[in-house]
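Working through the structure, step by step
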Amino acid sequence: MDGSLALEIPQIFPEIALSVFGIAILLLDTFLPKSKRHAATGIALAAIALTAVFTLGLVGEDGTFFSGMIVVDGFSIFLRITFLVVGALTVLASSSYATRENLAVGEFQALVLFAIVGMNLMAASNELIMIFLGLETLSIASYILLGIKRSDAKSNEAALKYFLLGSFSSAFMLYGIALAYGATRTTNLEAIGREIAAGSAGMTLIYVAVGLLFVGFGFKVAVVPFHVWTPDVYEGAPTPISAFMSVGPKAAGFAVLVRVLMVAFPAAYAKWLGLVWLSAVLTMFVGNCVALVQSNIKRMLAYSSIAHAGYILVAVATRNQEGVAALLFYTLTYALMNIGAFTIVSLVSRQGDRKTYLDDYAGLGFKQPGLAAALSIFLLSLAGIPLTAGFAGKFFIFRAALESKFVWLAIIGVLNSAISVYYYLRVIVVMYMKEAPDDWSPVAMSSSAIAVIALSVLGILQFGIFPDMLISLARSSVIGYR
Amino acid sequence: MPHSILTLITFLPAGGAALLLFWPRTGASAIRNIAMGVSLLTLLLSLPLFPAFDTSNPGMQFEQSAAWIPSLGIRYHVGIDGISLFLVLLTTVLTPVAILSSWKSIQTKVREYHLFMLLLETGMIGVFVALDFFLFYVFWEVMLVPMYFLIGVWGGQRRIYAAVKFFLYTMVGSVLMLLAIIALYLLNGATTFDFPAILESLHQGNLILSPGQQHWLFLAFFFAFAIKVPLFPLHTWLPDAHVEAPTAGSVVLAGVLLKMGTYGIVRFCLPLFPEATREFTPFISLLAVVGIIYGALVAMVQTDIKKLVAYSSVSHLGFVVLGIFALNEQGLHGAMYQMLNHGISTGALFLLVGMLYDRRHTRLIDEFGGLADPLPVFSAIFMIVALSSIGLPMLNGFVGEFLILLGAFDADRTYAVIAASGVILSAVYMLWVYQRVVFGQVTNPRNRRLLDLDFREKLVLLPLVVLIFWMGIYSESFLRKMDGSVSQVLQHFRSSAVVMKH
């Protein structure tokens, strides 16, 4: 066993590379003169590129490693790539933001890398304790990132709120893990599944454990009724981090939730299905309906991200391969549109994140047509208009839902999607149908922000018009998934 | 004819839009010329479809099919039959007319305006040629976006309200249709979204829909189409959208967009869900008749000419729906014909109202009177169009209404009689508004010096006036092309109804 452990190290090369580069950035930040510290962005991007190479090298692997703690399969590889895409876009979007807001670029980028390590570990965990470790790595990095604007009261509030509620939810999760361990004498997901199937576990304990785990993850992915922290945190956070929080940890949380429920607790999950169903419905309704009345665009996008968690929960509720594939497709494409939208919000908000209200977008459509057109594409994609990736993703999810006979869930889902059109259109209305104020000041662009926006637009159109490749990839990633 | 002709016609306007996207926004007249040129070229390409269309073949022609998203069984499949042929032509005729009509009235954001006009044309043609359900849905939805911008940016006072209402109404209807489409695909073995293929397996008995499934699927499809038509009582978005849209937008909205609803009913609801169609026919016919009378009565009391024309659309489209649900040859022929007539006559009415508005910046009937004197050409054309809308023999409207009433009489006498009184009502509001606007002395001194139609405006109206006479006198040349496909729809409808009974 000991001899083979070294041979298994390549399976976690991606996480090792990210950690090493993250530490290197922190060290360089200390020793380099201030004028050269922006090099951190380049290093972080290089780290992500190298990690992507390592990750792609794992394609085709299928098995568990490190005494069953790490699982490398299509599902985890797809997710690791998703997190790297999220990370790369966040790093790019953050670099100009950090410069504008006079934040320490190095710390910023290093923390993003550490957050990716946490998400990657979550996706590759086959073990409740490993999941918890990954989650904590992610969480600690996010607590700091949220509060990185130390002199900004809102940023502090966001960090504190997320920290308190995050710790709270971690406690729920740990309690769930402890009960599951108590009932089955193991924390390995497959072993738990076997114990339960063999009938040697106390089912009452298992039911409670699954409920507690759902509550814990529910906080992390912000599904109703565990969503209340989201708008305040997204509003106060540095905008690129709002973007990151709305896609990265959310995708990771859902991925783990699906794996835990489907591998370890399929029987208990069936018992809880009614609650998952209800939570999905509530999440969609609350997210969409409250988003209707928001005048701050960051808060609107926060509620929109709650609504999208609802759609993803529909995919979780289907409990089949098609649903899991839809989840993979959705989280990746959702990341593109949400990061794109938040990046533009961050640019429009100008220095100090002041202009985040809907009225601040008046006349943007004809003052800066390229920027407004890109934001329109992101919003139409979030609304699920055809030829965008957002539509392809919803189509995939509702197809899976109907296939699993969740007709009402699908009906409620599409009606919600129609409701959501209203608030996404509101932004477009303001941009194109209201006149710009007289004291209009142009939105300053930066090359890194342009890169994020261009890549996101390209991705959304590519996966919206020709989604075939990504759908096939998502499907083949979940083959063998129980 | 190349086999990709429909693809070319569909995407040529989008190509023009892409060109405009990179054109400098300062060259307004060049932009107008490009948009006009592209839409004329599209028209030129589409015209040969008419003679080349094989009357003896009731099925799809000029078909093209290619893999698009194989992992979900989605193909790019286009084709036209006698039902969609004329709707495609209607679209390609009305778009250049609409663009020419806004030559002077659109002076702001000229580039974006024409870009959206051309995108809209692609969307509209796409809806009529798409034979894959997914492709159809994509065009159906995507077309909303340019129309939304046209109303919202270049519209009147309450344009934002109207634009959002238009978008949301259509959206709510169409998302349910999307689910019905997916459900149909899953019931058929989750292999294809191809409409002819699904229809085929329905006829072969490979796909059997239970009465309950038919019931709900029909409703989901019909709801989407009924909003678009719009069928009473789902019509409330229409007066707002029509009144607030710029003239060209109203022309396209009334001329083509409303037809998408009735087209969808004929294309999908009847052949796919015959039993459910029978089940709902009495109810839908009732709504259609109510719409005919209600639309006419509301039109009668309007003080704004544009609103009057908008409500007259509710009445006219009620006729079309009544004709479709007569479920016989005459009714369906009449409905198809009336769809074209309404597109041309109402399109022309909106153009005329727009020309008045350009001159006086008001559309209130009270502001006008005695226009025959300063505007003789305008008044003459208005007369022709008004009479065509009423359904005077020798003009296009007569043929459609007559066939519809014939069919409706066969199906249900009571409804036919009530609908026939709708024809009288339409004469009342149309002639009354004509009298108040055109006849008598010039009551408002500001109308005395108005200039009559200029060359461009005559050019805008000319093709429509020609069509009004042509379709009124030589209706046979149009009806013959529709004949085969209309019979086939009814045949499918009847044969599957028989299969269901056994």
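Each remark here, short or long, concerns the structure printed above.
The paragraphs below set out a description of the structure included in this document. Computed from a predicted model, the values in this text were never measured in an experiment. (Residues numbered from 1 in each chain as written. Chains lettered and ligands numbered in written order. Predicted model: local features only at pLDDT ≥ 70, side-chain atom pairs only at ≥ 80, totals over all residues. Heavy atoms only, no water.)

**Digging into the overall build of chain B**
In plain terms, the rule: Helix numbers and strand numbers start at the N terminus; a helix is a DSSP run of H or I with at least 4 residues, a strand a run of E with at least 2. For this measure, only C-alpha atoms enter the radius of gyration; the expected value for a globule follows 2.2 Å times N^0.38, where N is the number of residues. Think of it in three bands: residues with accessible area under 20% of the maximum for their type are buried, residues over 50% are exposed, and the middle band is partly exposed, with areas taken using a 1.4 Å probe on protein chains only.
Helix and strand counts for chain B stand at 20 helices and 2 strands. Over its C-alpha atoms chain B spans a radius of gyration of 22 Å, differing by no more than 12% from the 23 Å that the globule rule assigns to 502 residues. With the C-alpha coordinates aligned to their principal axes, the bounding extent of chain B is approximately 70 × 55 × 40 Å. Classification of the 502 residues of chain B by burial places 66% in the buried group.

**Examining the overall build of chain A**
Definition in use: By the convention used here, residues are in contact when the closest approach between their heavy atoms is within 4.5 Å.
Along its length, chain A carries 20 helices and 2 strands. Taking 482 residues into account, the globule formula puts the C-alpha radius of gyration at 23 Å, and chain A, at 21 Å, falls close to it. The principal-axis extents of the C-alpha atoms in chain A amount to approximately 75 × 55 × 40 Å. Within chain A, the proportion of its 482 residues that are buried is 65%. At a minimum sequence separation of 6, the contacts of chain A that also span at least 24 residues come to 81%.

**A closer look at the interface of chain B and chain A**
Heads up, the rule is: Buried area adds together the accessible area that both of two parts lose upon being put together, with accessible area traced by a 1.4 Å probe. Salt bridges are identified by distance alone: a Lys or Arg side-chain nitrogen within 4 Å of an Asp or Glu carboxyl oxygen. Polar contact is the term for a pair of N or O atoms within 3.5 Å; when the atoms are in protein, one must be able to donate a hydrogen and the other to accept it, and sequence-neighboring residues count only if both atoms are side-chain atoms. Charged means Asp, Glu, Lys or Arg here, nonpolar means Ala, Val, Leu, Ile, Met, Phe, Trp, Tyr, Cys or Pro, and polar covers whatever is left, Gly included.
Across the contact, 36 residues belong to chain B and 33 residues belong to chain A. Interface of chain B and chain A: buried area, both sides summed, is about 3200 Å²; carbon and sulfur atoms make up 82% of it. Connecting chain B to chain A are 1 salt bridge. For the pair chain B and chain A, the interface holds 6 residue pairs in polar contact (both at pLDDT 80 or more). Looking at the side of chain B that touches chain A, the elements with two or more residues in it are strand 1 (61–69), helix 6 (133–142), helix 7 (144–154) and helix 8 (159–187) of chain B. When residues in the side of chain B that touches chain A are grouped by element, the largest group, 15 residues, is from helix 8 of chain B. Tallied by class, residues from the side of chain B that touches chain A come to 29 nonpolar, 2 polar and 5 charged.

**A word on the environment of A:Met130**
Residue and element names in this part refer to chain A. Here Met 130 is to be found in helix 6 (residues 128–146). Sequence separation between Met 130 and Ile 70 is 60 residues, and the spatial gap between their C-alpha atoms is 8.0 Å. Apart from residues no more than four positions distant in its own chain, Met 130 is found in contact with Met 69, Ile 70, Leu 121 and Ser 125.

**Thoughts on the pairing of strand 1 of chain B**
Residue and element names in this part refer to chain B. Filter applied, for reference: Two strands pair if DSSP finds at least two bridges between them.
Where strand 1 lies against strand 2 (residues 74–80), 6 bridges are found, and the strand directions are antiparallel. Paired with Ser 65 across the strands is His 77, a residue of strand 2. Count of turn residues in the strand 1/strand 2 antiparallel hairpin: 4 residues, of which Gly 73 carries a positive phi of about 75 degrees.

**Observations regarding the packing of helix 4 (residues 82–101) of chain B against helix 19 (residues 455–473) of chain B**
All names here are of chain B. So the rule is basically this: Orientation is described by lines fitted to C-alpha atoms, with helices fitted over the stretch in contact, and by angles between N-to-C directions that extend from 0 to 180 degrees. Every angle not falling under 35 degrees, over 145, or within 65 to 115 is termed oblique; those three ranges are roughly parallel, roughly antiparallel and roughly perpendicular. Note on convention: near helix rotated counterclockwise from far helix by under a right angle means a left-handed crossing. Clockwise means right-handed.
Packing of helix 4 against helix 19 brings their axes to within 9 Å, and their N-to-C directions diverge by 155 degrees. As the angle between them shows, helix 4 and helix 19 are arranged roughly antiparallel. Crossing of helix 4 against helix 19: the hand is left-handed. Contact residues: helix 4 offers Val 93, Leu 94, Val 97, Leu 100 and Ser 101, while helix 19 offers Arg 456, Leu 459, Val 460, Pro 463, Leu 464 and Leu 467. When the residues that make up the contact of helix 4 with helix 19 are grouped by side-chain class, the tally is 9 nonpolar, 1 polar and 1 charged.

**Quick notes on the pattern of salt bridges**
All chains considered together, the criterion is met by 23 salt bridges over all chains. In this structure, A:Glu101 and A:Arg100 form a salt bridge, with 3.0 Å as the shortest nitrogen-oxygen distance. For A:Glu101, a relative accessible area of 12% puts it in the buried group. Given a relative accessible area of 24%, A:Arg100 falls into the partly exposed group. The salt bridge involving A:Glu435 is made with B:Lys109; its shortest N-O contact spans 3.8 Å. In this pair, A:Glu435 is assigned in the loop between helix 18 (407–433) and helix 19 (447–465) and B:Lys109 in the loop between helix 4 and helix 5 (110–129), connecting two distinct chains. A relative accessible area of 62% places A:Glu435 in the exposed class.

**Re the nonpolar core**
Rules: Among buried residues, the Ala, Val, Leu, Ile, Met, Phe, Trp, Tyr and Cys ones that are joined through side-chain atoms within 4.5 Å form a nonpolar core.
Judged by nonpolar contacts, the single largest core of 406 residues is most densely connected at A:Phe254, A:Phe265, B:Phe133, B:Tyr148, B:Phe221, B:Leu272 and B:Val437. Top contributing element to this core by residue count: helix 14 (residues 321–348) of chain A, with 19 residues. Discounting chain neighbours no more than four positions away, the residues touching B:Phe133 are B:Ile181, B:Leu184, B:Phe193, B:Phe195, B:Ile198, B:Phe221, B:Phe268 and B:Leu272.

**Brief notes about the packing of helix 4 of chain B against helix 5 of chain B**
Residue and element names in this part refer to chain B. Relative orientation of the contacting elements helix 4 and helix 5 amounts to 170 degrees, with a least axis distance of 9 Å. What the angle tells us is that helix 4 and helix 5 run roughly antiparallel. Every residue of helix 5 that contacts helix 4 at Ser 84, Leu 87, Val 88, Thr 91, Thr 92, Thr 95, Ala 98 and Ile 99 is listed here: His 114, Met 117, Leu 118, Glu 121, Met 124, Ile 125, Phe 128 and Val 129.

**A closer look at the packing of aromatic side chains**
All names here are of chain B. Convention followed: Only the six-membered ring of Trp is used, alongside the rings of Phe and Tyr, when aromatic pairs are assigned; centres must lie within 6.5 Å, and planes under 30 degrees apart are stacked while those over 60 apart are edge-to-face, with the rest tilted.
Counted under the stated rule, the structure contains 57 aromatic pairs over all chains. Where Phe 11 meets Tyr 76, the ring centres are 6.4 Å apart and the plane angle is 40 degrees; that geometry is what we call tilted. With a gap of 65 residues between them, Phe 11 in helix 1 (residues 5–21) and Tyr 76 in strand 2 connect regions that are remote in the sequence. For Phe 11, a relative accessible area of 36% corresponds to the partly exposed category.

**Some words on helix 14 (residues 305–324) of chain B**
All names here are of chain B. Definition in use: To estimate how far a helix should reach, multiply one less than its number of residues by 1.5 Å.
Between the first and last C-alpha of helix 14 there are 29 Å, a value that for 20 residues agrees with the 28 Å anticipated at 1.5 Å per step. Most of helix 14 is tucked away: 19 of the 20 residues are buried. Between the side-chain oxygen of the N-cap and the backbone nitrogen of Lys 306 there are 2.7 Å, and the N-cap of helix 14 in question is Asp 304.

**Remarks on unusual backbone geometry**
In this structure, A:Pro225 follows A:Val224 across a cis peptide bond, with omega equal to 5 degrees. As for its position among the elements, A:Pro225 is in the loop between helix 9 (203–221) and helix 10 (230–236). The omega torsion of the bond from B:Val229 to B:Pro230 falls at -10 degrees, within 30 degrees of zero and hence cis. Position of B:Pro230 among the secondary structure elements: in the loop between helix 10 (211–228) and helix 11 (237–244). The phi angle at A:Ser67 is positive, at roughly 55 degrees, despite the residue not being glycine. When its relative accessible area of 55% is taken as the criterion, A:Ser67 is described as exposed. One non-glycine residue, A:Asn102, adopts positive backbone phi at about 55 degrees.

So far we have only geometry, and geometry alone does not tell us how the molecule works.
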